[in-house]
Amino acid sequence: MKVEILAPVGGREQLTAAQRAGADAVYLGTRNFNARRNAENFDSEGLSEVVSACHLQGVRVHVTFNTLLSDGELAPAIEEIRRIAASGVDAVIVQDLAVARLFREHCPSLEMHASTQMAIHNAEGALEAYDLGFRRVVLARELSLEEIRAIRARVPDDLALEAFVHGALCVSLSGACYLSSMIGGRSGNRGLCAQPCRLDFKCRGRDHVLSLKDMSYVEHIRELADAGVCSFKIEGRMKGPAYVAAAVHACRVALDGGKPDMEQLETIFSRSGFTDGYLTGNINASMFGTRTKEDAVSAASAEKETAELIRNVYQSVGLDASLILTPEKPSKLVISDGKNTVTAEGAVPIVPRTAATDRETALKNLSKTGGTPYFISSFDFSNLSGLMLPPSAENALRREALEKLSDIRSKVTPHAYTESPLVLPEEKPHTSPALWLKALDPSQLDFDFEAERVILPAEKLTKELVSLYGSRLIAELPPVSFEKDHERLDKIFSHLDTLGMKDCMVNNIGLLRAAKDHGFTPHGDFGLNIYNSLSLAEYERLGLVSAVVSFELSAHDIEHLGGNLPRGIIGYGRLPLMRLRSCPGRSAKGCGKCEGHLTLVDRLGVEFPVACDGRRYSTLYNSLPLYTADRMPRGIDYSVMSFTFETAEEAERIYRKYIGGFPPRIERTYGLYYRETK
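Quick caveat, the model's predicted, so the values are computed rather than measured.

(A) Structural detail: the side chain of S172. Along the chain, S172 falls in the loop between β7 (160-167) and α7 (179-184). The buried category is assigned to S172, whose relative accessible area is 2%.

(B) Just the side chain of R579, in detail. By the secondary structure assignment, R579 is in strand β22 (residues 576-580). No salt bridge is formed by the buried R579; its nearest oppositely charged neighbour, E476, is found at 5.6 Å. A polar contact of 2.7 Å, which involves the side chain of R579, links it to the side chain of T619. For R579, the residues in contact, after removing those within four places along its chain, are V171, S172, L173, A176, P479, V480, N507, F526, Y617, S618 and T619.

(C) Summary view of the packing of aromatic side chains. All told, the structure shown has 18 aromatic pairs when counted by the stated rule. Measuring from ring centre to ring centre gives 5.3 Å for F526 and F551, while their planes differ by 45 degrees; the resulting arrangement is tilted. With F526 in the loop between β19 (521-524) and α18 (533-541) and F551 in the loop between β20 (547-548) and α19 (555-559), this residue pair connects regions lying 25 residues apart in the sequence. Relative accessible area serves as the criterion here: at 4%, F526 is assigned to the buried category. The rings of F447, F449, Y469 and Y655 are connected pair by pair, giving a single aromatic cluster. Seen from the ring of Y130, R135 lies directly overhead, with NZ or CZ sitting 3.9 Å from the centre. Its end group placed over the ring of F520, K502 keeps NZ or CZ at 4.9 Å from the ring centre.

(D) How the structure looks around the sheet that holds β22. Judged by pairing direction, the sheet is antiparallel, and its four strands sit side by side in the order β22-β25-β24-β23 without closing on themselves. For this open sheet the edge positions go to β22 and β23 (597-601), each flanked by a neighbour on one side alone. Between one strand axis and the next, the sheet turns through 25 degrees on average, direction left out of account. The pairing of strand β24 (residues 607-613) with strand β25 (residues 617-621) spans four bridges and is classified as antiparallel. Paired with V610 across the bridge in β25 is L620.

(E) Broad picture of a negative patch on the surface. On the surface, D261, E263, E266 and E305 cluster together to form a negatively charged patch. With respect to the helices and strands, the residue E305 is situated in helix α12 (residues 293-305). Assessed through its relative accessible area of 53%, E305 is described here as exposed.

Reading the values: rules and limits
- Residues numbered from 1 in each chain as written.
- Predicted model: local features only at pLDDT ≥ 70, side-chain atom pairs only at ≥ 80, totals over all residues.
- Heavy atoms only, no water.
- Helix = DSSP H or I, 4+ residues; strand = E, 2+ residues; numbered from the N terminus.
- Buried < 20%, exposed > 50% of the residue type's maximum accessible area, 1.4 Å probe, protein only.
- Lys, Arg positive; Asp, Glu negative; His and termini not counted.
- Salt bridge = Lys/Arg side-chain N within 4 Å of Asp/Glu carboxyl O.
- Polar contact = N/O pair within 3.5 Å; in protein donor to acceptor, adjacent residues only side chain to side chain.
- Contact = heavy atoms within 4.5 Å.
- Phe/Tyr/Trp six-rings, centres within 6.5 Å; stacked < 30°, edge-to-face > 60°.
- Lys NZ or Arg CZ within 6 Å of the ring centre and 35° of its normal.
- Pairing = 2+ DSSP bridges.
- Axes fitted to C-alpha atoms, helices over the stretch in contact; angles between N-to-C directions.
- Patch = residues over 30% accessible without salt bridge, like charges linked within 9 Å, V, L, I, M, F, W, Y side chains within 5 Å.
- Areas by Shrake-Rupley, 256 points an atom, 1.4 Å probe, with all protein chains shown as cover.
- Charge placed at Lys NZ, Arg CZ, Asp CG, Glu CD.

So far we have only geometry, and geometry alone does not tell us how the molecule works.
Spelled out as structure tokens, the structure:
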């Protein structure tokens, strides 16, 4: 596959910067349904103009449609799809499976890319996306080069892999961060992340332990290309044109085999420098950094230096040109960009009084393509009769030919759009919700209880537990499974087979695929980010037999979800706010004697517990547990009580209060179920 540099575009100035610095493609959002809703973005009606200008220069346009949608937003989303189809864009970037379904139904010719928000960390996730109609996967930013190479080896050749190579780096796995929504009601999954992770969270004597340095894999671009990545993505739709120009230029230099000016790139924008920790596997305390006053002062002066990068139009379109001079016939110039061929005819060449027009002179005049995206890459010259064509006539031929070619290249070709009404699955009646219990450790459930289902970590299951809970038992797969953990996952499934287990809990599409491939019955957890009725229906089609819906949904939206798939909520528990591959408690020397539990403290003194999963990744939990027994959202089939750090005695006490519908004797939160969210 042809490789590309993919630039972030938040507005018109950034678009110009990306084009002139040498980007092969840009990604941008309309005013709705994109993960950077606070950027300038573009009116969907003006997309055709953007596409025309970009296609003239050989630049592809990808539109971000990468947020979760509620049922009430699906009809407006269809209208947005219609406008996007009419604009002739090259691809759309999607997170919500409902949105993917709408694009397949209404605009099947438009290429879909699986957003990094879909949390694709392994080949199974990529394969599931492929079967859903995606033809490119934006890989999780936390993967190593070896993991990327392994994924490439296990997926179809026509599934393209895209990877971020420069820009801001979230400490949480993409699509698995709920910190902003829980703290301030601004959801990253809804395009409104307030970046609270950049605030001063402390742990073990260190500050800002949730703020990572910006990533930069610019110097590794050729290695990534060799590993099978075809698109090198720059983060930064909220950044200015100088940043876009500098990042694109650095990537272009590196891709062409040169040495990029990393010092200039760091000066333009960084957070105490860059990190390549995930790519190289050096995941340690050196990855963390903040934006300092010195960083900001340096950036102000460096921006002036980038002006030269975008002074002129980047000439990226090579032309095959042929000039034919024949006696008593109009001169003829034929040019081709490899796809389109045009011909211009001009003055009749004359018998020269002195020298005939030679190849070198003609090429010199025809190569005066400044201010256009064109350059002459090959030139054929025919002047067998030794004729002469004045330079003015050659210039006229060039102008006419380039104008004709530009008219063709800038013409927008809309995608076919199929009209069909939006039909949401009907709401079904719900009885009083059943109770499901979930625990990080089986010992937490060492008390008498009644529950329809019991969810325990797959690796902690034993024959005794299977005998105790019988068909009620669901094995929870690790919420995250990186490509390097492939063997671990196989061992887990083998262990469950030995125990006679068939039900398991999955948190992303990769685990869903793996469960199905191994013959297990999958139940969906909150990590699938199910936010609407169509998404529920899609997951039912994919084989889920139940699903915990997103805890970012309001109680009202939960109540009106349609469809037949049994759905539940987290009714009690400390909500997992982040999944972290770069542990905030890890020192420069590594994990040391850490037993896997630590506490983060924010600037207000609020404590957030963190638990580690075998030094593979950590989970940051909310400071307070969610508790809904005395204010239960309606329209659900079951409520999950999730025990994390409680002892068996504490769990039993809370359980008794919960089943009685009483308020707990602990400080708690109702979460987002009863709070206005955007």
